[in-house]
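For reference, the chains in residue letters:
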Amino acid sequence: MTEMATREGAADESPAAPSQVSGVRIRRSTRSSRLAIAPALIVLAVLAYLPFLFAQDTTNTMVNFFILLVLGMTWNVLAGYAGLVSVGQQAFLGAGAYSVLWLAQQGMDPLAALPVAAVFCGVVAIPVSWLVFRLRGGYFAIGTWAVAEVFALVTIRSSALGGGTGTNLPGLDGYDPVTLGALTYWAALAIAVLTLLGSYLMLRSRVGLALTAVRDDDHAAEGVGVRPAGAKRVVYLLAAIGAGAAGGVLAISQLNVQADNVYGVQWAAYMIFVVLIGGIGTLEGPIIGTIVFFILQQTLASHGAWYLILVGLVAVVMALWSPRGLWGIAERFGVHLFPVGYRVVHPEESQS
Amino acid sequence: MIWVNAVIQGLLLGGLFALFACGLSLLFGVLGIINLAHGDLAVLGAYVAVALLPSVHTNVLWALLFVPPLFAVFGYVSQRTVMGRSMRSGPLTTLLVTFGLSVVIQNALLEGFSADSHSFTLGALTTRSLHPASDISLSWLRMGILVVAVLVLVVVQLFLSRTGIGRQIRALADDDEAAAITGVNTRHVAAIAAAVAFATVALAGLAFGTYAQFSPTSGSNLLIFAFEAVIIGGLGSLWGTLAGGCVLGLAQTIGAQIDPTFGVLAGHLVFLAVLAVRPNGLMPATVEA
């Protein structure tokens, strides 16, 4: 939000022509984002090397972490930037899982089916968006939820896909368990990295600029000619692709697809929680949120319902008293790892 | 005759949905709140009855005396505290807070009452019904619920249109700042509206408990049904809500008559069809410019 004031003035400036105003430059990166590049690459390298270091239990846990991260990041872009508070992203999670299952039943390698399933979810999201975009705000939320219910109810009518009780994912017998674990892990990691990069690049693009403008002040944005509908649809399709890919990985890691699990509204609760606790409307937030949520899950999951009660209470408290989440606290100190805004650098500051 | 019966059961079910939708519609119309915990509040109401009066399994009428008033107080207090606070931070916060509450209520009920399902009875009335024709059964209980739903809608409508506080609520719905300038105690009035909405939710929860088995996780579906009734009927119109409830009820019972597993799905599909063809609902209160 600190970028808000500078954004409007800089919006029409292309970074290539910064010197029209004497001595003033437009800078898109920040000191902390430049400093963070090297550590980020190291973290990525370590993460990629993880299957060689740890037993399969660890990588399986990390797959769940990445699934949650992808869901959190896509929901964050939906709700935090496009203002689309969906409680129905599990529709695409489930659709992704069942697409992988169906393709595997047709003889396709489940891992190769992942990108197909993701794209399929994007295609399905087009007609869905026609319907749910007729609803605003909270009605959009419940409308997307109803769509997810429809997806689940339609899916369980197919006995080939296991009906309500679910079925095992075929086509993975050829892999030995360790290789499969590592491949699943890398697939999950790749999807998480692609989602992060994709959101980052999209938010820096014209679409992202339109969305942030609409989010911060929709009347002012429309006044200068921003049309939000197209940008929102793009975000909705991309989020569906992300959730679909996550669902596909979920199916492969569980080796089993069951409608109540993949279409469950608890996924919506997880996404919302991850984003709220980390900080909605920032790219860093969902990462922090996923880490916190994951630690909570690993330590408290044995307490069953108490754990979800705590999760719900923390979400309520965060929404009321710290709407910018944990990352909002960090941003107060000027830390930006993924700067998507534009800032004007005056000549006297530019040495710093 | 089976189909006639399906239509009749659908209309009766519509009464229950309308009762559910009434509170949702009121909260949205007056306060602009989409209460994602709506269905869970109804289930909570039913469980309060289970907890405080073990005898409700034999007769739920006792619960009618104290659960709705209790929820009215609950609604007033929560509007003056959590909900009111969330409204001042914008609609996103309200959505997230009510969703968080929904998760809390569901899991607290799971923890307190286990996942076992319960249902209420009304003594001998539970099973008594009229049989005007061979395949047609008119349960007194279900007709009673429809009558209660219509009564509640009439009373809420009269309350909003005829009483002083009702006028203040409508003023708040139209323009809260202007209402405040003319001396309306907006926080108090908003909380009164929430109290009315919560009382109807509790009533709906008790009615649902006599209709079907309920468990801690029943709330999610109830929220979706209530919401679909509101959208099918048209935003902001209480009579539209009744019509929407009946359309949804009909879709579900006729769908279930075609195939028992198709009922709920048929309801959702009718909702999506209305959304596609007539997004303002069947009986919208206002025509969008």
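The model shown is predicted, which means the values in this text are computed figures rather than measured ones.

Quick notes on the rules
Residues numbered from 1 in each chain as written. Chains lettered and ligands numbered in written order. Predicted model: local features only at pLDDT ≥ 70, side-chain atom pairs only at ≥ 80, totals over all residues. Heavy atoms only, no water. Helix = DSSP H or I, 4+ residues; strand = E, 2+ residues; numbered from the N terminus. Buried < 20%, exposed > 50% of the residue type's maximum accessible area, 1.4 Å probe, protein only. Areas by Shrake-Rupley, 256 points an atom, 1.4 Å probe, with all protein chains shown as cover. Rg over C-alpha atoms; globule rule 2.2 N^0.38 Å. Contact = heavy atoms within 4.5 Å. Lys, Arg positive; Asp, Glu negative; His and termini not counted. Charge placed at Lys NZ, Arg CZ, Asp CG, Glu CD. Axes fitted to C-alpha atoms, helices over the stretch in contact; angles between N-to-C directions. Parallel < 35°, antiparallel > 145°, perpendicular 65-115°, else oblique. Left-handed = near helix turned anticlockwise from the far one by under 90°. Nonpolar A, V, L, I, M, F, W, Y, C, P; charged D, E, K, R; others polar. Salt bridge = Lys/Arg side-chain N within 4 Å of Asp/Glu carboxyl O. Pairing = 2+ DSSP bridges. Buried area = accessible area lost by both parts, 1.4 Å probe. Polar contact = N/O pair within 3.5 Å; in protein donor to acceptor, adjacent residues only side chain to side chain. Patch = residues over 30% accessible without salt bridge, like charges linked within 9 Å, V, L, I, M, F, W, Y side chains within 5 Å. pLDDT = per-residue confidence, 0-100. Expected span 1.5 Å × (residues − 1). Core = buried A, V, L, I, M, F, W, Y, C linked by side-chain atoms within 4.5 Å.

Draft legend 1. How the structure looks around the overall build of chain A. When helices and strands are counted, chain A shows 15 helices and four strands. Per-residue burial for chain A yields a buried fraction of 53% across its 352 residues. Accessible surface, chain A as shown: approximately 15,200 Å² in total, 66% of it carbon and sulfur.

Draft legend 2. Here's a closer look at the overall build of chain B. Looking only at helices and strands, chain B has 11 helices and two strands in total. Over its C-alpha atoms chain B spans a radius of gyration of 19 Å, differing by no more than 12% from the 19 Å that the globule rule assigns to 289 residues. Dimensions of chain B, computed from the C-alpha atoms along their principal axes, are close to 60 × 45 × 35 Å. Long-range contacts, defined here as pairs at least 24 residues apart, represent 75% of the contacts in chain B between residues at least 6 apart. For chain B, the exposed area adds up to about 11,800 Å²; of that, 67% sits on carbon and sulfur atoms. In chain B, 10 positive and 11 negative side-chain charges are present, and the distance between their average locations comes to 13 Å.

Draft legend 3. Inspection of the packing of helix H13 (residues 284–300) of chain A against helix H14 (residues 305–321) of chain A at higher detail. All names here are of chain A. Viewed as axis vectors pointing N to C, H13 and H14 meet at an angle of 155 degrees, and their least axial separation amounts to 10 Å. One element, H13, and the other, H14, form an angle in the roughly antiparallel class. Note on packing geometry: the crossing formed by H13 with H14 is right-handed. Here Phe293, Leu296, Gln297 and Leu300 of H13 come into contact with H14, specifically with Tyr307, Leu310 and Val311. Broken down by class, the residue content of the contact of H13 with H14 amounts to six nonpolar, one polar and no charged.

Draft legend 4. Molecular detail of the pattern of salt bridges. Applying the stated criterion across every chain yields a total of one salt bridge over all chains. As a salt-bridge pair, Asp259(B) and Arg157(A) come within 3.0 Å of each other at their nearest N and O atoms. Residue Asp259(B) is located in the loop between helix H10 (238–258) and helix H11 (263–277), and its partner Arg157(A) is located in the loop between helix H6 (137–155) and strand E2 (167–168); the two belong to separate chains. Take Asp259(B): its relative accessible area is 24%, and that puts it in the partly exposed class.

Draft legend 5. Here's a closer look at the pairing of strand E2 (residues 136–139) of chain B. All names here are of chain B. Pairing analysis gives three bridges linking strand E1 (residues 129–133) to E2, with the strands arranged antiparallel. Paired with Ala133 across the two strands is Ile136, which belongs to E2. From the end of E1 to the start of E2, which pair antiparallel, there are two residues.

Draft legend 6. Summary view of the interface of chain B and chain A. Contacts between the two partners involve 41 residues from chain B and, on the opposite side, 37 residues from chain A. A buried area of about 3,500 Å², summed over both sides, lies between chain B and chain A, and 82% of it is on carbon and sulfur atoms. Contact with chain A buries surface across chain B, with Leu96(B), Phe99(B) and Phe227(B) losing the most and accounting together for 17% of the total. Our enumeration of links across chain B and chain A arrives at one salt bridge. Our enumeration of links across chain B and chain A arrives at five residue pairs in polar contact (both at pLDDT 80 or more).

Draft legend 7. Local environment of a negative patch on the surface. Residues and elements named next belong to chain B. Negative charge collects at one region of the surface, where Asp174, Asp175, Asp176 and Glu177 lie side by side. Looking at the secondary structure, you find Glu177 in helix H7 (residues 176–181). Assessed through its relative accessible area of 61%, Glu177 is described here as exposed.

Draft legend 8. Inspection of the confidence of the model for chain A at higher detail. All names here are of chain A. When the pLDDT values of chain A are averaged, the result is 83; 88% of them are 70 or greater. The lowest-confidence element of chain A is helix H1 (residues 4–10), averaging 40 in pLDDT; the highest-confidence one is helix H4 (residues 90–105), averaging 95. Counting contacts from residues 1–19, a segment whose pLDDT is below 50, to residues more than four positions away or on other chains yields 31 contacts.

Draft legend 9. Summary view of helix H4 (residues 91–113) of chain B. Spanning 23 residues, H4(B) covers 32 Å between terminal C-alpha atoms, matching the ideal 33 Å at 1.5 Å per step. Directly after H4(B), the chain includes Ser114(B), whose backbone phi takes a positive value near 60 degrees.

Draft legend 10. Layout of unusual backbone geometry. Positive phi values are uncommon outside glycine, yet Leu255(A) reaches one of about 60 degrees. Residue class for Leu255(A) comes out partly exposed when judged on its relative accessible area of 39%.

Draft legend 11. The packing of helix H8 (residues 206–216) of chain A against helix H10 (residues 228–254) of chain A, seen in detail. Residue and element names in this part refer to chain A. Running from amino to carboxyl end, H8 crosses H10 at an angle of 115 degrees, the nearest separation of the two axes being 9 Å. Taken together, H8 and H10 sit at an angle that is classed as roughly perpendicular. Here H8 and H10 pass one another in a crossing that is left-handed. Note on element contacts: H10 touches H8 through Pro228, Ala231, Lys232 and Val235, opposite Val207, Ala210, Leu211 and Val214.

Draft legend 12. Structural view of helix H8 (residues 186–211) of chain B. Taking 1.5 Å of rise per residue, the 26 residues of H8(B) would be expected to cover 38 Å, and the 37 Å separating its terminal C-alpha atoms lies within 8% of that figure. Extensive coverage of H8(B) is indicated by the burial of 21 of its 26 residues.

Draft legend 13. Region of the structure containing a positive patch on the surface. A cluster of basic residues, Arg80(B), Arg85(B), Arg88(B) and Arg187(B), forms a positive patch on the protein surface. Relative to the assigned elements, Arg80(B) resides in helix H3 (residues 61–88).

Draft legend 14. Representation of a nonpolar patch on the surface within the structure. All names here are of chain A. On the surface, Tyr49, Phe52, Leu53 and Phe54 cluster together into a nonpolar patch covering about 470 Å² of accessible area. With respect to the helices and strands, Phe54 occurs in the loop between helix H2 (31–53) and helix H3 (56–81). Judged by its relative accessible area of 44%, Phe54 falls in the partly exposed class.

Draft legend 15. Region of the structure containing the confidence of the model for chain B. Summarising the model, chain B shows a mean pLDDT of 86, and 95% of its residues fall at 70 or more. H8(B) holds the highest mean pLDDT among the elements of chain B, 92, whereas E1(B) holds the lowest, 76.

Draft legend 16. Local environment of the environment of Gly100(B). When you line up the elements, Gly100(B) lands in helix H4. The spatial distance from the C-alpha of Gly100(B) to the C-alpha of Ala37(B) is 8.1 Å, given a sequence separation of 63 residues. Not counting residues up to four positions away in its chain, the partners in contact with Gly100(B) are Gly312(A) and Val316(A).

Draft legend 17. Representation of the nonpolar core in the model. Residue and element names in this part refer to chain A. Grouped together as the largest cluster of nonpolar side chains are 198 residues, with contacts concentrated most on Phe66, Trp75, Phe92, Phe151, Tyr236 and Trp267. A total of 15 residues in this core trace back to one element, the largest contributor, which is H3. For Phe151, the residues in contact, after removing those within four places along its chain, are Ala91, Phe92, Ala95, Val124, Val128 and Tyr263.

Draft legend 18. How the structure looks around the side chain of Ser215(B). Residue and element names in this part refer to chain B. Take Ser215: it is sitting in the loop between H8 and helix H9 (219–233). Judged by relative accessible area, Ser215 falls into the buried class, the value being 16%. Residues within four places of Ser215 in sequence aside, it is in contact with Val43, Tyr47, Ala115, Asp116 and Ser117.

Draft legend 19. Highlighting the side chain of Thr59(A). Mapped onto the elements of the fold, Thr59(A) is located in helix H3. In contact with Thr59(A), not counting residues within four places along its chain, are Pro51(A) and Tyr185(A).

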